[in-house]
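Structural characterization, general
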Amino acid sequence: MKEQKTNVMRLLEQRKIKYTSHEYPHGDEAVDGLTVARICGQNPDQVFKTLVARGASKTVYVFVVPVTAELDLKKAAKASGEKSIAMIHVSEINALTGYVRGGCSPVGMKKQYRTFYNISAAEKPTIMVSAGKIGYQVELSPDELVRLTRGSYAELV
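These lines cover the structure that appears in this document, whether it is placed above or below. These numbers come from a predicted model, not from an experiment.

About the cut-offs
Residues numbered from 1 in each chain as written. Predicted model: local features only at pLDDT ≥ 70, side-chain atom pairs only at ≥ 80, totals over all residues. Heavy atoms only, no water. Helix = DSSP H or I, 4+ residues; strand = E, 2+ residues; numbered from the N terminus. Rg over C-alpha atoms; globule rule 2.2 N^0.38 Å. Buried < 20%, exposed > 50% of the residue type's maximum accessible area, 1.4 Å probe, protein only. Contact = heavy atoms within 4.5 Å. Areas by Shrake-Rupley, 256 points an atom, 1.4 Å probe, with all protein chains shown as cover. Lys, Arg positive; Asp, Glu negative; His and termini not counted. Charge placed at Lys NZ, Arg CZ, Asp CG, Glu CD. Phe/Tyr/Trp six-rings, centres within 6.5 Å; stacked < 30°, edge-to-face > 60°. Pairing = 2+ DSSP bridges. Salt bridge = Lys/Arg side-chain N within 4 Å of Asp/Glu carboxyl O. Core = buried A, V, L, I, M, F, W, Y, C linked by side-chain atoms within 4.5 Å.

For the protein chain, the count of helices and strands is 5 helices and 8 strands. Counting helices and strands in the order they occur from the N terminus, the protein chain gives α-β-α-β-β-α-β-α-β-β-β-α-β. Here the C-alpha atoms of the protein chain give a radius of gyration of 14 Å, agreeing with the 15 Å that 2.2 N^0.38 yields for 157 residues. In the protein chain, buried positions account for 47% of the 157 residues. Pairs at least 24 apart in sequence give 62% of the contacts found in the protein chain among residues at least 6 apart. Carbon together with sulfur atoms contributes 51% to the accessible area of the protein chain, which is approximately 8300 Å² in total. Positive and negative charge centroids in the protein chain, built from 22 and 16 side chains respectively, lie 7 Å apart.

Right, let's talk about the packing of aromatic side chains for a bit. We describe a pair of aromatic rings using the distance from one ring centre to the other and the angle between the two ring planes. By the definition in use, this model includes 3 aromatic pairs. Arranged with centres 6.3 Å apart and planes meeting at 40 degrees, the rings of tyrosine 61 and phenylalanine 63 form a pair that is tilted. Overall, the relative accessible area of 0% leaves phenylalanine 63 in the buried class. Between tyrosine 61 and phenylalanine 116 the ring centres are 6.3 Å apart and the planes differ by 45 degrees, which places this aromatic pair in the tilted class.

For strand β2 (residues 48–55), the tally of buried residues reaches 6 of 8 residues, placing the bulk of the element in the interior. Both β2 and strand β3 (residues 60–66) contribute to a ladder of 7 bridges, which runs antiparallel. Residue pairing across strands places lysine 49 opposite valine 65, the latter belonging to β3. A loop of 4 residues connects β2 with β3, the two strands running antiparallel in sequence, and lysine 58 in this loop sits at a positive phi of about 80 degrees.

It is worth spelling out the pattern of salt bridges at this point. Pairing is possible between side chains that carry opposite charge, provided their charged atoms lie close to one another. A complete count under the given rule lists 4 salt bridges for this structure. Between glutamate 13 and lysine 5 there is a salt bridge, and its shortest N-O distance comes to 2.8 Å. For glutamate 13, a relative accessible area of 36% translates into the label partly exposed.

Formed by 29 residues in total, the largest nonpolar core has its most connected members in Leu12, Met109, Val129, Val138, Leu140 and Leu145. Where this core is concerned, the elements lending two or more residues are α1 (7–14), β2, β3, α4 (93–97), β6 (127–130), β7 (136–140) and α5 (142–148). Once you skip the residues sitting within four places of it in the chain, methionine 109 turns out to touch Thr50, Val52, Val62, Thr97, Tyr99 and Cys104.

Within the secondary structure, methionine 9 is located in helix α1. Methionine 9 sits 98 residues away from valine 107 along the chain, and the two C-alpha atoms are 9.2 Å apart. Each residue touching methionine 9, except ones within four places of it in the same chain, is listed here: Gln4, Tyr19, Ser21, Ala131, Tyr136 and Val138.

None of this, on its own, says anything about what the molecule does.
Structure representation (structure tokens):
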């Protein structure tokens, strides 16, 4: 069976960034990150979720944190230089990013938002993030991911 490519995978290939794709069985609903890690046989500390939030200034930010952790909104505000940060409503995800809940990737959003990766990602040889579609993940070097998204590392959890 031919591997299905997502736009994230195509973008990584265009930029000649090495990645490993992982596919997992799914329905139409998002699966939590711990379940994704278990199904893909990955260490949950290596699997990251992509969260979209808005600062007090109304600026949109992207935060990439381990699926085993919660985003600390105070730390996110400090990293982004905002007074406060609030998660966007689920209904806004598609309009802002082009992705659906559970398939949101830091790569290839409609617009390049300032992106922050939890500092723990820097210690790992590879991390996994959504490939932009429920049921698909990509595993790659966190430094390559940060470079591609013009992101930065910060203490977020």
